[in-house]
Amino acid sequence: QKEVEQDPGPLSVPEGAIVSLNCTYSNSAFQYFMWYRQYSRKGPELLMYTYSSGNKEDGRFTAQVDKSSKYISLFIRDSQPSDSATYLCAMSAHDSWGKLQFGAGTQVVVTP
Amino acid sequence: DVKVTQSSRYLVKRTGEKVFLECVQDMDHENMFWYRQDPGLGLRLIYFSYDVKMKEKGDIPEGYSVSREKKERFSLILESASTNQTSMYLCASSLGVVLGGGARETQYFGPGTRLLVL
(Lines give C-alpha, C1' and ligand atoms only; values in the text may rest on other atoms or scores of the structure.)
Protein backbone atom coordinates (compact mmCIF):
# COMPACT_ATOMS: atom_id res chain seq x y z
CA GLN A 1 0.00 0.00 0.00
CA LYS A 2 1.27 3.45 -0.89
CA GLU A 3 1.93 5.94 1.89
CA VAL A 4 -0.09 8.58 0.05
CA GLU A 5 -3.24 7.77 -1.91
CA GLN A 6 -4.77 10.12 -4.44
CA ASP A 7 -7.49 9.44 -6.98
CA PRO A 8 -6.01 10.01 -10.46
CA GLY A 9 -9.28 11.21 -11.97
CA PRO A 10 -9.89 12.72 -14.43
CA LEU A 11 -12.23 15.07 -12.62
CA SER A 12 -14.31 17.12 -15.00
CA VAL A 13 -16.24 20.17 -13.76
CA PRO A 14 -18.03 23.08 -15.45
CA GLU A 15 -16.52 26.55 -15.23
CA GLY A 16 -17.50 28.28 -11.99
CA ALA A 17 -17.94 25.07 -10.00
CA ILE A 18 -16.03 24.16 -6.86
CA VAL A 19 -13.27 21.63 -7.39
CA SER A 20 -12.68 19.30 -4.46
CA LEU A 21 -9.48 17.26 -4.30
CA ASN A 22 -8.19 15.04 -1.55
CA CYS A 23 -5.44 12.70 -0.42
CA THR A 24 -5.25 10.15 2.33
CA TYR A 25 -2.08 9.02 4.00
CA SER A 26 -0.93 6.35 6.40
CA ASN A 27 2.13 7.84 8.13
CA SER A 28 1.07 9.70 11.27
CA ALA A 29 4.50 11.40 11.39
CA PHE A 30 3.68 13.61 8.41
CA GLN A 31 3.51 17.25 9.48
CA TYR A 32 4.16 19.27 6.33
CA PHE A 33 1.55 19.19 3.58
CA MET A 34 1.72 20.71 0.14
CA TRP A 35 -0.32 20.95 -3.02
CA TYR A 36 1.34 21.33 -6.38
CA ARG A 37 -0.20 22.16 -9.74
CA GLN A 38 1.32 20.73 -12.89
CA TYR A 39 0.36 21.84 -16.35
CA SER A 40 0.92 19.45 -19.23
CA ARG A 41 4.62 19.06 -20.10
CA LYS A 42 5.72 21.42 -17.33
CA GLY A 43 7.27 21.00 -13.88
CA PRO A 44 5.05 21.07 -10.77
CA GLU A 45 4.59 24.46 -9.14
CA LEU A 46 3.81 24.97 -5.47
CA LEU A 47 0.25 26.09 -4.77
CA MET A 48 -0.28 25.74 -1.06
CA TYR A 49 1.73 24.81 2.01
CA THR A 50 0.28 23.85 5.38
CA TYR A 51 1.99 22.86 8.58
CA SER A 52 0.16 20.40 10.83
CA SER A 53 -3.64 20.60 11.06
CA GLY A 54 -6.01 23.35 10.07
CA ASN A 55 -7.12 25.41 7.12
CA LYS A 56 -5.30 27.82 4.89
CA GLU A 57 -6.82 30.10 2.30
CA ASP A 58 -5.16 31.86 -0.60
CA GLY A 59 -7.46 33.56 -3.06
CA ARG A 60 -9.69 30.93 -4.67
CA PHE A 61 -7.73 28.09 -3.05
CA THR A 62 -8.34 26.52 0.37
CA ALA A 63 -6.23 23.75 1.83
CA GLN A 64 -7.44 21.67 4.76
CA VAL A 65 -5.56 19.16 6.87
CA ASP A 66 -7.25 16.71 9.23
CA LYS A 67 -4.45 14.81 10.94
CA SER A 68 -6.84 12.76 13.07
CA SER A 69 -8.31 11.28 9.88
CA LYS A 70 -5.05 11.40 7.91
CA TYR A 71 -6.84 13.32 5.19
CA ILE A 72 -6.00 16.49 3.31
CA SER A 73 -8.12 18.47 0.88
CA LEU A 74 -7.78 21.24 -1.66
CA PHE A 75 -10.77 23.28 -2.78
CA ILE A 76 -10.78 25.56 -5.79
CA ARG A 77 -13.66 28.04 -5.87
CA ASP A 78 -15.03 29.64 -9.02
CA SER A 79 -12.99 27.28 -11.18
CA GLN A 80 -11.63 28.55 -14.48
CA PRO A 81 -10.48 26.69 -17.62
CA SER A 82 -6.96 27.81 -16.69
CA ASP A 83 -7.25 25.62 -13.58
CA SER A 84 -7.19 22.55 -15.83
CA ALA A 85 -4.07 20.71 -14.72
CA THR A 86 -2.88 17.81 -12.62
CA TYR A 87 -2.84 18.48 -8.89
CA LEU A 88 -0.40 16.59 -6.72
CA CYS A 89 -0.44 16.39 -2.97
CA ALA A 90 2.86 15.98 -1.13
CA MET A 91 3.83 15.58 2.48
CA SER A 92 6.79 14.95 4.73
CA ALA A 93 7.76 14.19 8.29
CA HIS A 94 10.05 16.29 10.44
CA ASP A 95 12.99 13.89 10.19
CA SER A 96 12.71 13.11 6.50
CA TRP A 97 15.70 15.18 5.34
CA GLY A 98 13.38 17.13 3.12
CA LYS A 99 12.12 14.11 1.20
CA LEU A 100 8.52 14.42 0.13
CA GLN A 101 5.99 11.66 -0.46
CA PHE A 102 3.82 12.50 -3.43
CA GLY A 103 0.38 11.35 -4.39
CA ALA A 104 -0.11 10.12 -7.94
CA GLY A 105 -1.87 13.35 -8.93
CA THR A 106 -5.47 14.10 -9.92
CA GLN A 107 -6.15 15.40 -13.41
CA VAL A 108 -8.71 18.22 -13.37
CA VAL A 109 -10.54 19.46 -16.46
CA VAL A 110 -12.62 22.64 -16.21
CA THR A 111 -14.93 22.97 -19.18
CA PRO A 112 -16.11 26.41 -20.39
CA ASP B 1 11.42 33.90 -6.73
CA VAL B 2 13.19 30.59 -6.66
CA LYS B 3 14.47 29.58 -10.03
CA VAL B 4 15.44 26.05 -10.93
CA THR B 5 16.73 25.52 -14.43
CA GLN B 6 17.48 22.34 -16.32
CA SER B 7 19.95 22.15 -19.16
CA SER B 8 17.63 20.71 -21.79
CA ARG B 9 13.87 20.56 -22.33
CA TYR B 10 14.07 17.68 -24.81
CA LEU B 11 16.83 15.15 -25.36
CA VAL B 12 17.13 12.18 -27.71
CA LYS B 13 19.86 9.64 -27.04
CA ARG B 14 20.81 6.17 -28.22
CA THR B 15 20.94 3.04 -26.12
CA GLY B 16 24.30 2.71 -24.40
CA GLU B 17 25.15 6.41 -24.48
CA LYS B 18 26.23 8.22 -21.33
CA VAL B 19 23.75 10.99 -20.60
CA PHE B 20 24.22 14.06 -18.40
CA LEU B 21 21.29 16.08 -17.10
CA GLU B 22 22.18 19.34 -15.39
CA CYS B 23 20.20 21.28 -12.83
CA VAL B 24 20.98 24.70 -11.37
CA GLN B 25 19.16 26.58 -8.60
CA ASP B 26 19.74 30.20 -7.68
CA MET B 27 18.38 30.40 -4.12
CA ASP B 28 21.22 28.92 -2.08
CA HIS B 29 19.10 25.88 -1.22
CA GLU B 30 20.74 23.07 0.70
CA ASN B 31 18.70 20.19 -0.72
CA MET B 32 18.44 19.10 -4.32
CA PHE B 33 16.49 16.21 -5.81
CA TRP B 34 16.14 14.25 -9.03
CA TYR B 35 12.85 12.59 -9.91
CA ARG B 36 11.46 10.80 -12.88
CA GLN B 37 7.79 11.03 -13.76
CA ASP B 38 5.97 8.39 -15.76
CA PRO B 39 2.24 8.06 -16.55
CA GLY B 40 0.48 6.02 -13.89
CA LEU B 41 3.56 5.89 -11.66
CA GLY B 42 3.74 9.49 -10.50
CA LEU B 43 6.92 11.10 -9.24
CA ARG B 44 9.65 8.72 -8.15
CA LEU B 45 12.76 9.90 -6.33
CA ILE B 46 16.03 8.81 -7.94
CA TYR B 47 18.66 10.57 -5.80
CA PHE B 48 18.87 13.55 -3.52
CA SER B 49 21.61 15.61 -1.97
CA TYR B 50 21.54 17.63 1.25
CA ASP B 51 24.98 19.17 0.89
CA VAL B 52 27.85 19.58 -1.53
CA LYS B 53 29.45 16.22 -2.35
CA MET B 54 26.75 14.42 -0.36
CA LYS B 55 24.23 12.13 -2.02
CA GLU B 56 21.58 9.70 -0.91
CA LYS B 57 19.74 7.07 -2.90
CA GLY B 58 16.08 7.53 -3.45
CA ASP B 59 13.55 4.88 -4.40
CA ILE B 60 14.90 4.00 -7.86
CA PRO B 61 18.66 4.70 -8.06
CA GLU B 62 19.58 1.75 -10.27
CA GLY B 63 21.17 2.81 -13.55
CA TYR B 64 21.74 6.37 -12.34
CA SER B 65 24.43 8.31 -10.53
CA VAL B 66 24.66 11.93 -9.40
CA SER B 67 27.24 14.60 -8.78
CA ARG B 68 27.11 17.71 -6.63
CA GLU B 69 30.40 19.57 -6.77
CA LYS B 70 28.85 23.00 -6.17
CA LYS B 71 25.93 23.94 -3.99
CA GLU B 72 23.85 25.34 -6.83
CA ARG B 73 24.39 22.49 -9.29
CA PHE B 74 23.17 18.89 -9.21
CA SER B 75 23.83 16.55 -12.11
CA LEU B 76 22.10 13.30 -12.97
CA ILE B 77 24.10 10.78 -14.98
CA LEU B 78 22.77 7.84 -16.90
CA GLU B 79 25.87 5.66 -17.22
CA SER B 80 24.54 3.61 -20.13
CA ALA B 81 21.15 4.76 -21.30
CA SER B 82 18.47 2.16 -21.87
CA THR B 83 15.03 2.42 -23.45
CA ASN B 84 13.33 1.95 -20.07
CA GLN B 85 14.91 5.23 -18.97
CA THR B 86 12.79 7.15 -21.44
CA SER B 87 10.92 9.49 -19.14
CA MET B 88 10.36 13.04 -17.89
CA TYR B 89 13.16 13.99 -15.48
CA LEU B 90 12.47 16.67 -12.90
CA CYS B 91 14.95 18.45 -10.68
CA ALA B 92 13.88 20.18 -7.47
CA SER B 93 15.46 22.08 -4.62
CA SER B 94 14.43 23.00 -1.09
CA LEU B 95 15.77 25.18 1.69
CA GLY B 96 16.84 22.29 3.88
CA VAL B 97 17.35 21.90 7.59
CA VAL B 98 19.03 25.22 8.24
CA LEU B 99 17.01 28.04 9.72
CA GLY B 100 13.52 29.09 9.41
CA GLY B 101 11.05 26.30 9.96
CA GLY B 102 8.07 27.41 7.98
CA ALA B 103 8.13 26.30 4.40
CA ARG B 104 11.60 24.80 4.42
CA GLU B 105 10.24 21.46 3.26
CA THR B 106 8.67 22.81 0.12
CA GLN B 107 10.39 21.81 -3.07
CA TYR B 108 10.69 24.01 -6.12
CA PHE B 109 10.82 22.26 -9.45
CA GLY B 110 12.51 22.93 -12.72
CA PRO B 111 10.66 22.71 -16.05
CA GLY B 112 11.71 19.10 -16.66
CA THR B 113 13.70 17.29 -19.34
CA ARG B 114 11.90 14.89 -21.64
CA LEU B 115 14.41 12.18 -22.46
CA LEU B 116 13.83 9.71 -25.26
CA VAL B 117 16.24 6.78 -25.50
CA LEU B 118 16.15 4.98 -28.84
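Preceding this section is the structure that the text describes.
The text that follows walks through the structure, step by step, so that each part is easy to find.

**As for the interface of chain A and chain B**
So, step 1. Across the contact, 21 residues belong to chain A and 23 residues belong to chain B.
So, step 2. Surface buried jointly by chain A and chain B totals about 1,900 Å² across both partners, of which 59% is contributed by carbon and sulfur atoms.
So, step 3. If you look at where chain A meets chain B, you find zero salt bridges.
So, step 4. Counting the contacts that link chain A with chain B gives four residue pairs in polar contact (both at pLDDT 80 or more).
So, step 5. Among the secondary structure elements, those contributing two or more residues to the side of chain A that touches chain B are strand 4 (30–38), strand 5 (45–51) and strand 9 (85–93) of chain A.
So, step 6. Among the elements that make up the side of chain A that touches chain B, the one with the highest residue count is strand 4 of chain A (four residues).

**Describing the layout of surface pockets**
So, step 1. Considering only enclosed or pocket space, the largest pocket measures out at about 550 Å³ in volume.
So, step 2. For the lining of the largest pocket, the secondary-structure elements that each account for two or more residues are strand 9 of chain A together with strand 4 (31–38) and strand 9 (87–94) of chain B.
So, step 3. Taken together, the residues that form the lining of the largest pocket break down as eight nonpolar, nine polar and four charged.
So, step 4. In this model, the second largest pocket occupies a volume close to 350 Å³.

Criteria and thresholds
- Every chain is numbered independently, its residues counted from 1 as its sequence is written.
- Chain letters and ligand numbers both follow the written order, the letters beginning at A and the numbers at 1.
- Note on the predicted model: pLDDT of at least 70 is required for a residue's local features to be given, and 80 or more for side-chain atom pairs to be given and counted; whole-chain, interface and lining totals, by contrast, use all residues.
- The basis for every side-chain value is the complete set of non-hydrogen atoms in the structure, without hydrogens or water.
- Only heavy atoms enter the contact rule, under which two residues are in contact if any of them lie within 4.5 Å.
- Here the quantity called buried area is the total loss of accessible area, with a 1.4 Å probe, experienced by two parts when brought into contact, counted for both.
- Criterion for a salt bridge: a side-chain nitrogen of Lys or Arg within 4 Å of a carboxyl oxygen of Asp or Glu.
- For this analysis, a polar contact is any N or O atom pair within 3.5 Å, provided that within protein one partner can donate a hydrogen and the other can accept it, and provided that sequence-adjacent residues contribute only side-chain to side-chain pairs.
- Numbering of helices and strands runs from the N terminus, with a helix taken as a DSSP run of H or I at least four residues long and a strand as a DSSP run of E at least two residues long.
- Site definitions follow a grid-based scheme: protein atoms alone, a 1 Å grid, a 1.4 Å probe that fits but cannot get out for cavities, and for pockets an open set with protein on both sides within 12 Å along at least five of seven lines, plus lining residues having an atom within 4 Å of a point.
- Grid points are joined across faces, edges and corners, and a volume is the space filled by probe spheres set on the points.
- Polar here means any residue other than Ala, Val, Leu, Ile, Met, Phe, Trp, Tyr, Cys and Pro, which are nonpolar, and Asp, Glu, Lys and Arg, which are charged; Gly is therefore polar.

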